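Chain and residue survey
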Amino acid sequence: MGFNCGIVGLPNVGKSTIFNALTATAKAESANYPFCTIEPNVGKVGVRDPRLEKIATISKSQKIIPTTLEFVDIAGLVRGASKGEGLGNQFLGHIRSVDAIIHVLRCFENGNITHVETTVDPLRDKEIIDTELMISDMEALTKRKESIAKKLKANDAEAKEETAVLLKILSHLEAGYPARSLSLTEEEATHAKKFGLITSKPVLYVCNVNENEAKTGNALTALVAEMAQKENATHVIISAAIEEEISSLESEEEKKMFLEELGLTSSGLDKVISQGYQLLDLITFFTCGPKEARAWTLRKHQTAPQAAGQIHTDFERGFIRAETISYNDYVTYGGEQGAKEAGKYRSEGKDYIIQDGDILLFRFNV
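Residues numbered from 1 in each chain as written. Predicted model: local features only at pLDDT ≥ 70, side-chain atom pairs only at ≥ 80, totals over all residues. Heavy atoms only, no water.

Overview of the overall build of the protein chain
A tally of helices and strands in the protein chain yields 15 helices and 12 strands. Across its three principal axes, the protein chain shows a C-alpha extent of roughly 65 × 65 × 35 Å. Taken across its 366 residues, the protein chain has 48% of its residues classed as buried. The long-range share in the protein chain, meaning contacts at least 24 apart out of those at least 6 apart in sequence, stands at 69%. In the structure as shown, the protein chain presents an accessible area of about 18100 Å², 48% of it carried by carbon and sulfur atoms. (Helix = DSSP H or I, 4+ residues; strand = E, 2+ residues; numbered from the N terminus. Buried < 20%, exposed > 50% of the residue type's maximum accessible area, 1.4 Å probe, protein only. Contact = heavy atoms within 4.5 Å. Areas by Shrake-Rupley, 256 points an atom, 1.4 Å probe, with all protein chains shown as cover.)

Structural data, given as structure tokens:
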């Protein structure tokens, strides 16, 4: 399944540079003027997982297939975007389809790179984007309200419930708060999902800093950290310039040495992936054999049949059982046969909750 993130922010905050670096492509033109990205660019990144490489070695797999992370670079938004300013709201629809939002905030000073608001202030920039997204959501809810008005007049019970939730969220947005900050019951949340609200999506704030501040951050990133903590959100500090340099290096060894020289232990991509997985409550399970070793992404607390469905719908439909070995046992006992001899090879049924690192073989019958 992997997961996909929409990258948003004001123009000239480094969105497209970060997109290019993270996906190691040149799809998003990076330039020192607003709106250089005029279409949503999509890039997929294989998620490096040392466990997968270890599994492949033990199982003598011919091929390694990592799970993927998809980035969608959305054109820079400005004040009034929801009303048609700049490129307008034509790209806001692209954000509705992503799992999470990566909000890039400019936390660096550079007189050679213009700022659409003339000064550098990440908290103000955040408020501008939040406002545009909330206005877009309010407009979507208003249209939704109009579309279910007939059902409501007909005394439709489900329409009544949906309208109650809709009005609750609309009131919250009108008060100036994003939908994700509103507490909803499980039943209300089910209705809310139908609305596809942008501000209901989890957010990862990415502070783009100068190269010499990537390790320590600065006064601006400290403000973002404080804001994120109040929102119960997460943030990472990366330098677009460093990520751009890393993306041009060919070997993992070169990348590691480059990071060490800067006093960094991980790249911005690694930070984004790690926080993204936590943000969306994701885990990884594996399948392996002589042909290939492969990683798959799954949400936490999902069952064995649901994991099987990530591979093929037939696997879920005809699920019988999942032959299971934990990653630690697989490595400790040298693979499947060793795990079997040690009594660590388990047969799990349809109620089994997949654990991070499980190595699975699905039995099914369609």
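Thoughts on the side chain of Asn 208
Within the secondary structure layout, Asn 208 lies in strand E6 (residues 203-208). Side-chain polar atoms of Asn 208 contact the backbone nitrogen of Ala 240, separated by 3.0 Å. (Polar contact = N/O pair within 3.5 Å; in protein donor to acceptor, adjacent residues only side chain to side chain.)

Some points on the environment of Asp 121
Mapped onto the secondary structure, Asp 121 falls in the loop between strand E5 (100-106) and helix H4 (122-147). Considered as a pair, Asp 121 and Lys 256 are 135 residues apart in the sequence and their alpha carbons are 32 Å apart. Looking at Asp 121, its side chain comes within polar contact range of the main-chain nitrogen of Arg 124, at 3.2 Å.

Section: the environment of Ile 242
Relative to the elements of secondary structure, Ile 242 occurs in helix H9 (residues 240-248). Considered as a pair, Ile 242 and Ser 267 are 25 residues apart in the sequence and their alpha carbons are 8.5 Å apart. The residues contacting Ile 242, other than those within four sequence positions of it, are Glu 211, Ala 214, Phe 258, Leu 262 and Leu 264.

A short note on the sheet that holds E6
Strands belonging to one sheet form pairs held by backbone hydrogen bonds; the direction of such a pair is parallel or antiparallel. Taken together, six strands build an open sheet; the order of strands is E2-E4-E1-E5-E6-E7 and the sheet is mixed. Among the strands making up the open sheet, the edge pair consists of strand E2 (41-46) and strand E7 (234-238). Across the sheet, the axes of successive neighbouring strands diverge by a mean angle of 25°, strand direction being ignored. Pairing of E2 with strand E4 (residues 68-73), which is carried by six bridges, proceeds in the antiparallel orientation. (Pairing = 2+ DSSP bridges. Axes fitted to C-alpha atoms, helices over the stretch in contact; angles between N-to-C directions.)

What about the environment of Glu 127?
Residue position: Glu 127 is located in helix H4. For Glu 127, a relative accessible area of 45% translates into the label partly exposed. Taking C-alpha positions, Glu 127 is 20 Å from Ser 16, a pair spaced 111 residues apart along the chain.

Let's talk about the packing of H9 against helix H10 (residues 252-261)
Between H9 and H10, the shortest axis-to-axis distance is 9 Å and the interhelical angle comes to 150°. With respect to H10, the axis of H9 lies roughly antiparallel. Like other packed secondary-structure pairs, H9 and H10 cross with a definite hand, here right-handed. Mapping the contact onto sequence places Ile 242, Glu 245 and Ile 246 in H9 and Lys 255, Phe 258 and Leu 259 in H10. (Parallel < 35°, antiparallel > 145°, perpendicular 65-115°, else oblique. Left-handed = near helix turned anticlockwise from the far one by under 90°.)

Considering the packing of aromatic side chains
As enumerated under the stated definition, the model contains four aromatic pairs in all. Consider the rings of Phe 285 and Phe 362, whose centres lie 6.3 Å apart with planes at 90°: the pair is edge-to-face. Of this pair, Phe 285 sits in strand E8 (residues 282-288) while Phe 362 sits in strand E12 (residues 359-364), placing them 77 residues apart in sequence. Pair check on accessibility: Phe 285 and Phe 362 agree, each one buried. Connected via pairs of aromatic rings, a cluster forms that spans Phe 285, Trp 296, Phe 319 and Phe 362. Above the plane of the ring of Tyr 345 lies Lys 340, whose end atom (NZ or CZ) is 4.8 Å from the centre. (Phe/Tyr/Trp six-rings, centres within 6.5 Å; stacked < 30°, edge-to-face > 60°. Lys NZ or Arg CZ within 6 Å of the ring centre and 35° of its normal.)

Some words on helix H11 (residues 268-279)
Compared with the 16 Å implied by 1.5 Å per residue over 12 residues, the 16 Å span of H11 between its first and last C-alpha is a close match. Where H11 is concerned, the buried positions are Gly 268, Leu 269, Val 272, Ile 273, Gln 275, Gly 276 and Tyr 277. Just past H11, the residue Asp 281 takes up positive phi, approximately 55°. (Expected span 1.5 Å × (residues − 1).)

What about the confidence of the model for the protein chain?
Averaged over the protein chain, the pLDDT score is 87; the fraction of residues at 70 or greater is 90%. Across the protein chain, element-level confidence peaks in helix H14 (residues 327-332) with a mean pLDDT of 98 and bottoms out in helix H3 (residues 92-95) with 72. Across residues 26-38, confidence stays below pLDDT 50; counting only partners more than four residues off in sequence or on other chains, it has 38 contacts. (pLDDT = per-residue confidence, 0-100.)

Some thoughts on a negative patch on the surface
On the surface, a cluster of negative charge is contributed by Glu 250, Glu 253, Glu 254, Glu 260 and Glu 261. Counting through the fold element by element, Glu 250 comes out in the loop between H9 and H10. On the basis of relative accessible area, Glu 250 is assigned to the exposed category, the value being 76%. (Patch = residues over 30% accessible without salt bridge, like charges linked within 9 Å, V, L, I, M, F, W, Y side chains within 5 Å. Salt bridge = Lys/Arg side-chain N within 4 Å of Asp/Glu carboxyl O. Lys, Arg positive; Asp, Glu negative; His and termini not counted. Charge placed at Lys NZ, Arg CZ, Asp CG, Glu CD.)

Focus: the nonpolar core
Core analysis: the largest hydrophobic core is formed by 55 residues, its most contacted members being Leu 69, Phe 71, Ile 95, Ile 102 and Val 206. Excluding residues that lie within four positions of it along the chain, Val 206 makes contacts with Ile 18, Ile 102, His 103, Val 104, Leu 105, Val 236, Ile 238 and Val 272. (Core = buried A, V, L, I, M, F, W, Y, C linked by side-chain atoms within 4.5 Å.)

Brief notes about the packing of H4 against helix H6 (residues 157-174)
Relative to each other, H4 and H6 sit at 155°, their axes nearing to 10 Å. Here H4 lies roughly antiparallel to H6, going by the angle between them. Crossing angle aside, the handedness with which H4 passes H6 is left-handed. Residue-level inspection shows Met 134, Asp 137, Met 138, Leu 141, Arg 144 and Lys 145 of H4 in contact with H6, the latter providing Glu 162, Leu 166, Leu 167, Ile 169, Leu 170, Leu 173 and Glu 174. Among the residues making up the contact of H4 with H6, the classes are represented as eight nonpolar, no polar and five charged. (Nonpolar A, V, L, I, M, F, W, Y, C, P; charged D, E, K, R; others polar.)

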